[in-house]
Amino acid sequence: FGQVPYEEIPRYLHKASLFVRPSRSEGMGNSFVEALAAGLPIIGTPVGGITDIIEDEKTGLFCNPEDPRDLAEKIMRLLQDQDLSAVIVSEGKKMVEEKFSWDKIAQAYAELLSKFSIYSNEDKPMRILIATPILPPQLGGPAQYAQNLLNEFLSLGQKAKVISFGGYLRFPSGIRHLFYFGALLKNGLRADLIFSLDYSSVGIPAALASLILRKPLVIRVEGDFLWEKFVERTRKDVTLPMFYGKPQPLSRKERVIRSLSGWAMRRASRVVFSSEWRRKMVIGVYSIPEEKTAIIRNARSDYRGRTSDSRIVLWAGRMLYLKNLYRLIRAFSRVNDGAWELHLVGDGPEKERLEKFLREEKIKQVYIFPAIPRAKLLKKISSAAFFVLPSLSDVGPNVIADAAAAHTPFILTKESGYAELVENTGILVDPLSERDIAEKLKVLMNESKRREYELRLQSFSFLKTWPQAAQEWLKVFQRL
């Protein structure tokens, strides 16, 4: 039948005689619960979470893994022994109602949460002021991070509020920062803590507001505004480790930003990174005591699953020079046999130059699309053959988390905080080597290799869920 929409699965279950899933490994095994709820006898293997569902010859039958003869015998037994099938159906439904109904699950969570409190005073939730440059519908990591954390904090009973540049973006730089600083002062009066999602554009005003209001400040160091400005100005192929490891010829404005950014981070009560790679890079340069730092991994999206198998290689993001798109295009052209397309989705200052580059070099089967809403982008990621992000550096790209959650194979720059986490679930590439990019593209253009990485991503767990991330942040806040 191929892929069946989730809402149609009950119709298929009710038409079946029995349910069989001889897994080699299994997490929760929710499909067994759904089959029992639909009144089907079930057969499974004694692995993973299946053992919490099947009690042999009572709520189902066990078969040996990797044993088709044993599986065949168990199928025939259920088809022929109507009394046993009736027992499994009856006991299975009873077990599902007792253990897996939403009412029971909600009650169990309520009882668990009532035993614990993340607050020093249960009657007084924390008042958190979140400072972020952007919010949805604007695209970008800080926007999505701020919105998701806000939702989680509110669901946990906290009093959280977000301040973004928003309407101040119509003003020139400097003036909009003054307006933003005023908004932080006004809203920070009633806050217990200021939480900045960057260390420069909003981090500097947040540090000044926390100093005046005498409120704790937590800064999340993820992207790197100073490095981005330097690379975009000079158009030099400088990775983040190169930028921090060797003195660069900064402009006067860049030197001022660097000085103020360092002051903001030293002023903060906690400076939080998403990887050890990033922490080591920053704390020495800005003289930040390691004991006032922490690491909280980025959060992942919910699993969405593959929707098709296409011949589309996808890149998405803000089109900047540092995204290394010229190398990607040249590498793709070297290995494309005419059967593949490279789709570049996004807007930014480099877009017109890229379009001109494609015309002048007469490069075919590379297409540029405007930025699209996040929901549509997630669908495009799910339907792509694989995703590629060969940036000069990319600290903790949310788009890679989205690809992993969709089980879409990906190629990622090795100059990333994710390099220490992805292990064998993704392919790392040298961003300064066109040859290496081409070779890695060729790997995922091979169907069997691509399927192999899809299977690896089914155990995708190198990032936390949003509720887990929110709890970690709250623990940091509470200690302050």
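Read on for a plain summary of the structure.

Reading guide: rules and limits
- Residues numbered from 1 in each chain as written.
- Predicted model: local features only at pLDDT ≥ 70, side-chain atom pairs only at ≥ 80, totals over all residues.
- Heavy atoms only, no water.
- Pairing = 2+ DSSP bridges.
- Helix = DSSP H or I, 4+ residues; strand = E, 2+ residues; numbered from the N terminus.
- Axes fitted to C-alpha atoms, helices over the stretch in contact; angles between N-to-C directions.
- Contact = heavy atoms within 4.5 Å.
- Phe/Tyr/Trp six-rings, centres within 6.5 Å; stacked < 30°, edge-to-face > 60°.
- Buried < 20%, exposed > 50% of the residue type's maximum accessible area, 1.4 Å probe, protein only.
- Lys NZ or Arg CZ within 6 Å of the ring centre and 35° of its normal.
- Patch = residues over 30% accessible without salt bridge, like charges linked within 9 Å, V, L, I, M, F, W, Y side chains within 5 Å.
- Areas by Shrake-Rupley, 256 points an atom, 1.4 Å probe, with all protein chains shown as cover.
- Salt bridge = Lys/Arg side-chain N within 4 Å of Asp/Glu carboxyl O.
- Parallel < 35°, antiparallel > 145°, perpendicular 65-115°, else oblique.
- Nonpolar A, V, L, I, M, F, W, Y, C, P; charged D, E, K, R; others polar.

1. Remarks on the sheet that holds strand β12 (residues 366-369)
(1) Moving on: Across the sheet, which stays open at both edges, the six strands sit in the order β12-β11-β10-β13-β14-β15 with parallel pairing between neighbours. Both outer strands of the open sheet, β12 and β15 (427-429), are each paired with one neighbouring strand and no more. Between one strand and the next, the sheet's axes are offset by a mean angle of 25 degrees, whatever the strand orientation.
(2) Moving on: As judged from the three bridges shared by strand β13 (residues 386-389) and strand β14 (residues 410-413), these two strands associate in the parallel manner. Across the sheet, residue leucine 389 finds its bridge partner in β14, namely leucine 412.
(3) Moving on: Relative to the sheet, helix α15 (residues 374-383) contacts β10 (312-316), β11 (341-345) and β13, its axis offset from that of β10 by approximately 145 degrees.

2. Quick notes on the packing of aromatic side chains
(1) Moving on: Under the defined criterion, the tally for this structure stands at 16 aromatic pairs.
(2) Moving on: Geometrically, the ring pair formed by tyrosine 145 and tryptophan 466 is edge-to-face, given 5.1 Å between the ring centres and 65 degrees between the ring planes. Of this pair, tyrosine 145 sits in helix α6 (residues 141-155) while tryptophan 466 sits in helix α19 (residues 466-479), and the two are 321 residues apart along the sequence. Here tyrosine 145 matches tryptophan 466 in class, with each residue buried.
(3) Moving on: Relative to phenylalanine 477, the ring of phenylalanine 153 lies with its centre 6.0 Å away and its plane at 65 degrees, an arrangement referred to as edge-to-face. Note that phenylalanine 153 is positioned in helix α6 and phenylalanine 477 in helix α19, a separation of 324 residues in sequence.
(4) Moving on: Connected via pairs of aromatic rings, a cluster forms that spans Tyr199, Phe230, Phe243, Tyr244 and Tyr286.
(5) Moving on: For arginine 176, the ring lying beneath its charged end belongs to phenylalanine 165, and the centroid distance is 6.0 Å.

3. Brief notes about a nonpolar patch on the surface
(1) Moving on: Together, Tyr109, Leu112 and Leu113 make up a nonpolar patch on the protein surface, roughly 340 Å² of accessible area in all.
(2) Moving on: Structurally, the position occupied by leucine 113 is in helix α5 (residues 102-114).
(3) Moving on: With a relative accessible area of 56%, leucine 113 lands in the exposed category.

4. Quick look at the packing of helix α9 (residues 225-234) against helix α11 (residues 252-267)
(1) Moving on: Between α9 and α11, whose axes approach to 10 Å, the crossing angle comes to 170 degrees. Our classification of the angle between α9 and α11 gives roughly antiparallel. Residues Phe225, Leu226, Lys229, Phe230 and Arg233 of α9 touch α11, and the partners they reach there are Glu254, Ile257 and Arg258.
(2) Moving on: In terms of residue class, the contact of α9 with α11 is made up of four nonpolar, no polar and four charged.

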